[in-house]
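Examination of the molecular architecture
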Amino acid sequence: MECPKNSASLRLCVKGNPLLQFILPCLLLIIVTLLAYLPAFPGSFLWDDDSALLENPLIHAPNGLARIWFSADALEYYPIFYTSLRAQWHLFGPRPAAYLAVNVALHALNAILLMLVLVHLCALLSPSSTSTSDVFSSSESPISNPQSLFFLLPSLLFALHPVNVFGVAWINQHKTVLSTFFYLLSILFFCRALVRADTRARSIALVFFVAALLTKPTMVLLPFFFALLGWLYSARHGGQAREPRALPSDPFPGGTAAPPSASSSALFWKPLIPFFAVALLAGLLRVGWRPPPDYALAPPRIEGAWMNLVLPGKIVLFYLATLLFPARLMMVYPRWQLAPPDPLDLAPSLLILILTLALWRGRRTVPVVFLAWIFFLLGLFPVLGFVDNQYFTFSFVANHWLYMPMMGVAVLASLAVSAVNRVSFRLAWLITLLVSIALLLQSRIEASRFHNPVSYYERGVSENPDNIVARNNLANLYLEGGHPERALPHYLEAVRIHPVFWQARIQAGKIFAGQGRFDEAIAQLESALETSPGNPEAHFHLGTVYSLTGNLSDAVKHLEASVMINPYDPVAFNNLGSVYFRAGY
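What counts, and at which threshold
Residues numbered from 1 in each chain as written. Predicted model: local features only at pLDDT ≥ 70, side-chain atom pairs only at ≥ 80, totals over all residues. Heavy atoms only, no water. Helix = DSSP H or I, 4+ residues; strand = E, 2+ residues; numbered from the N terminus. Contact = heavy atoms within 4.5 Å. Areas by Shrake-Rupley, 256 points an atom, 1.4 Å probe, with all protein chains shown as cover. 1 Å grid on protein atoms, 1.4 Å probe; cavity = no way out; pocket = protein on both sides within 12 Å on 5 of 7 lines; lining within 4 Å. Points joined across faces, edges and corners; volume = space filled by probe spheres on them. Nonpolar A, V, L, I, M, F, W, Y, C, P; charged D, E, K, R; others polar. Polar contact = N/O pair within 3.5 Å; in protein donor to acceptor, adjacent residues only side chain to side chain. Salt bridge = Lys/Arg side-chain N within 4 Å of Asp/Glu carboxyl O. Buried < 20%, exposed > 50% of the residue type's maximum accessible area, 1.4 Å probe, protein only. Axes fitted to C-alpha atoms, helices over the stretch in contact; angles between N-to-C directions. Parallel < 35°, antiparallel > 145°, perpendicular 65-115°, else oblique. Left-handed = near helix turned anticlockwise from the far one by under 90°. Expected span 1.5 Å × (residues − 1). Core = buried A, V, L, I, M, F, W, Y, C linked by side-chain atoms within 4.5 Å. Disulfide = S-S within 2.5 Å. Patch = residues over 30% accessible without salt bridge, like charges linked within 9 Å, V, L, I, M, F, W, Y side chains within 5 Å. pLDDT = per-residue confidence, 0-100. Phe/Tyr/Trp six-rings, centres within 6.5 Å; stacked < 30°, edge-to-face > 60°.

Regarding the overall build of the chain
If you tally the helices and strands in the chain, you get 28 helices and zero strands. Long-range pairs, those at least 24 residues apart, make up 74% of the contacts in the chain with a sequence separation of at least 6. Within the structure as shown, the chain displays about 25400 Å² of accessible surface, and the carbon and sulfur contribution to it stands at 67%.

Here you go:
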């Protein structure tokens, strides 16, 4: 149908055209996402982008693809993530702007998928025979229709919230945005499988869930969300017949809706068995995975059951405050000191437990609120302190961990605005506009800091002097720029703050060796080996320093250890051969 050109007729055309009412919000989400992230271009390689991409043999080696899938050479078993990085490297090379563009595009797609998921969830949980096209084919104006705001606002909040800049503009977090894309597709098709009793859709949902787990197992507990969703759906519709309806604007055409039978309602757990099985395998693999020695981890960071009880509540409340008031976002937040134990530290965990139980009691009355809250908690569960995490060495919280869980909070916020919309749609849309503009401006500010690595890390050090990661990376940049005298104080301060930070000790040892201060170099490198005994880099540099001092026996010992642990380092073999020659072997 061709739309008229005058404004009044155009509004009527959009109002009566479900396809246009779907396309226009998508275009809006794409545009605002681009506006938010344009200041991040041309981008830069930050944090661990060098080890994940620039210096990763799995990305560059001819046999890298096979090693990604069938070896234990990676830091974590994320084969789809590393395969995607490898493909991008062959397409783009060392051009950060291209990797950033891929992340931004995926972020916009995730915002659109979130909107589609909400449409399907509400159609699924509605007590009436609502179809997924109702929001687009409503006879009401798409602006005054309360449903329209509920579906659009969470996606706007997700697309524009500045906390997500730390997941999108950081290239190595491609694993986060890509896995979220797969998780959302899995949820979307699972909803369709419920409402249509479609086994094909459920199989597609399982495929996307497996793909997400092989990218990054952030939502490994997603089957529990599916179980709650299926249970609520069965409870609300088990005794009602829902007349099948065509879905003309549905972007994924399939069968027609079918009412759940009594037997299917009673057995909704059975189709979830494959989801729980692959989630269990992914969890066991994640917990049991042992990275290569050159990625050796620090000692455990969760010390005792007390921290398991205290951390979850503190972390959840911190993230809620960060999402609601994102005024002071940091790259690395100060690490909380939880010793000695204080009974008051249990208050946040008790508060979260009471709130969850209260929402459970009201799950039938407000199922969307309950599901949104559970989704938020399930997304955060792997990083709530129940299991150890390498990043806990530096901080117990991180912005990029909020990327997918924040969708639950965005839905809760949109419910509040939708309640206002039922009274005054102008006030609700004014709130939406003002909040969106504020988030857009702050996201642009945060994004602009990602294209200058030196100022980025200097900011990290100034806002959190104990940010040892920023100190270490800033020192690395100074060292690469030919200023070891500026780098050394940051390395030494990092190991003073965190004595087991072996990466900084190795770098300090290299600088001391370059300055001819061999005793200090050996002391730093020996300390690094005490923390990370199987680290080939520490063995390599220690062996090299011993060879410079004439201690050839210790040089041979450490260089042999280096090549035994990492047989892919040609420089270590060369230095070992040189020492063999000097020692007369």
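Some words on empty space enclosed by the protein
Picture a little ball the size of a water molecule; that probe, rolled over the atoms, points out where space is still empty. Taken as a whole and judged by the stated rule, the model has three cavities of 30 Å³ or more. When its volume is computed, the largest cavity comes out at roughly 180 Å³. Looking at the lining of the largest cavity, the elements with two or more residues in it are α7 (96–125), α11 (174–196), α18 (367–380) and α19 (406–423). Top contributing element to the lining of the largest cavity by residue count: α7, with six residues. Grouping the amino acids of the lining of the largest cavity by side-chain chemistry returns 16 nonpolar, one polar and no charged.

A closer look at the environment of V368
Relative to the assigned elements, V368 resides in helix α18. Setting aside residues no more than four positions away along its own chain, V368 makes contact with L125, F150, V411 and L415.

A closer look at the side chain of N535
Mapped onto the fold, N535 is located in the loop between α25 (518–531) and α26 (536–549). Separated by 3.0 Å, the side chain of N535 and the backbone nitrogen of A538 make a polar contact.

Remarks on the pattern of salt bridges
Counted by the stated rule, this structure contains eight salt bridges. Between R449 and E446 there is a salt bridge whose closest N-O contact spans 3.3 Å. Judged by its relative accessible area of 30%, R449 falls in the partly exposed class. Using a relative accessible area of 3% as the deciding quantity, one classes E446 as buried. Note that D554 and K557 form a salt bridge whose closest N and O atoms lie 3.9 Å from each other. Here K557 and D554 lie together in helix α27 (residues 552–565), a separation of three residues that amounts to about one turn. Within the structure, one salt-bridge network assembled from shared partners comprises E446, R449, R459 and E463.

Some words on the packing of helix α24 (residues 502–514) against α25
Following both chains from N to C, one finds α24 and α25 inclined at 160°, their axes separated by 8 Å at the closest point. The orientation of α24 with respect to α25, classified from their angle, is roughly antiparallel. For the crossing formed where α24 meets α25, the hand is left-handed. For the pair formed by α24 and α25, the contact residues are W502, R505, I506, A508, G509, F512 and A513 on the first element and F518, E520, A521, Q524, L525, S527, A528 and T531 on the second. In terms of residue class, the contact of α24 with α25 is made up of nine nonpolar, four polar and two charged.

Focus: α25
Over its 14 residues, α25 extends 20 Å from the first C-alpha to the last, a length consistent with the 20 Å expected when each residue adds 1.5 Å. All of the buried residues in α25 are A521, I522, Q524, L525, A528, L529 and T531. Summarising the contacts, the buried residues of α25 are in contact with α23 (484–497), α24, α26 and α27.

Considering the nonpolar core
The biggest cluster of nonpolar side chains holds 166 residues, and the ones touching the most others in it are W47, I187, L222, F225, L229, W373 and F376. With 16 residues, the top contributor of residues to this core is α7. Those residues in contact with L229, other than ones at most four positions away along the chain, are L121, L124, L125, F190, C191, L194 and L371. Counting residues in hydrophobic clusters, the runner-up holds twelve residues, among them L53, L58, I59 and F81.

Overview of the state of the cysteines
What the rule picks out here adds up to zero disulfides. Considering cysteine sulfurs only, C191 is the nearest to C122, which forms no disulfide, with 9.8 Å between them.

Some thoughts on a nonpolar patch on the surface
Together, I23, L24, L27, I30, I31, L34, L35 and L38 give the surface a local cluster of nonpolar side chains, amounting to about 660 Å² of exposed area. In this fold, L24 is placed in helix α2 (residues 18–37).

Side note on the confidence of the model for the chain
Predicted coordinates in areas of low pLDDT are best not read in detail. Chain-level statistics for the chain give a pLDDT mean of 83 and a share of 85% at 70 or above. Summarising per-element confidence for the chain, the mean pLDDT is lowest in helix α8 (residues 134–137) (42) and highest in helix α6 (residues 79–92) (95). Contacts of residues 1–14 to residues separated by more than four positions or lying in other chains number twelve contacts, the stretch itself having pLDDT below 50.

A look at the packing of aromatic side chains
By the definition in use, this model includes 33 aromatic pairs. For the ring pair W47 and Y456, a centre distance of 5.8 Å and an interplane angle of 80° mean the geometry is edge-to-face. Of the two residues, W47 sits in the loop between α2 and α3 (49–54) while Y456 sits in helix α21 (residues 453–463), which places them 409 residues apart along the sequence. Each ring, one from F224 and one from F276, has its centre 5.0 Å from the other, and the planes form 85°; the classification is edge-to-face. Note that F224 is positioned in helix α13 (residues 222–237) and F276 in helix α15 (residues 273–288), a separation of 52 residues in sequence.

Digging into the environment of G460
The topology assignment puts G460 in helix α21. The class of G460 is buried, set by a relative accessible area of 0%. It is 8.0 Å that separates the C-alpha atoms of G460 and R471, two residues lying eleven residues apart in sequence. Setting aside chain neighbours within four positions, we find G460 in contact with M331, N467 and A470.

Overview of unusual backbone geometry
In the segment running from F41 into P42, the intervening peptide bond is cis, with an omega of 10°. Here W47, not a glycine, exhibits a phi torsion of approximately 50°, which is positive. A relative accessible area of 12% places W47 in the buried class.

Remarks on α7
Its 30 residues place the ends of α7 43 Å apart at the C-alpha level, agreeing with the 44 Å of an ideal helix rising 1.5 Å per residue. The element α7 is largely enclosed, with a buried count of 25 among its 30 residues.

Considering the packing of α25 against α26
For the pair α25 and α26, interaxial distance at closest approach is 9 Å and the crossing angle is 155°. Here α26 runs roughly antiparallel to α25, going by the angle between their axes. As for the relative orientation of α25 and α26, their crossing is left-handed in sense. Along the contact surface, α25 presents F518, A521, I522, L525, E526, A528 and L529, while α26 presents A538, H539, H541, L542, V545, Y546, L548 and T549. Partitioned by chemical class, the residues of the contact of α25 with α26 number eleven nonpolar, three polar and one charged.

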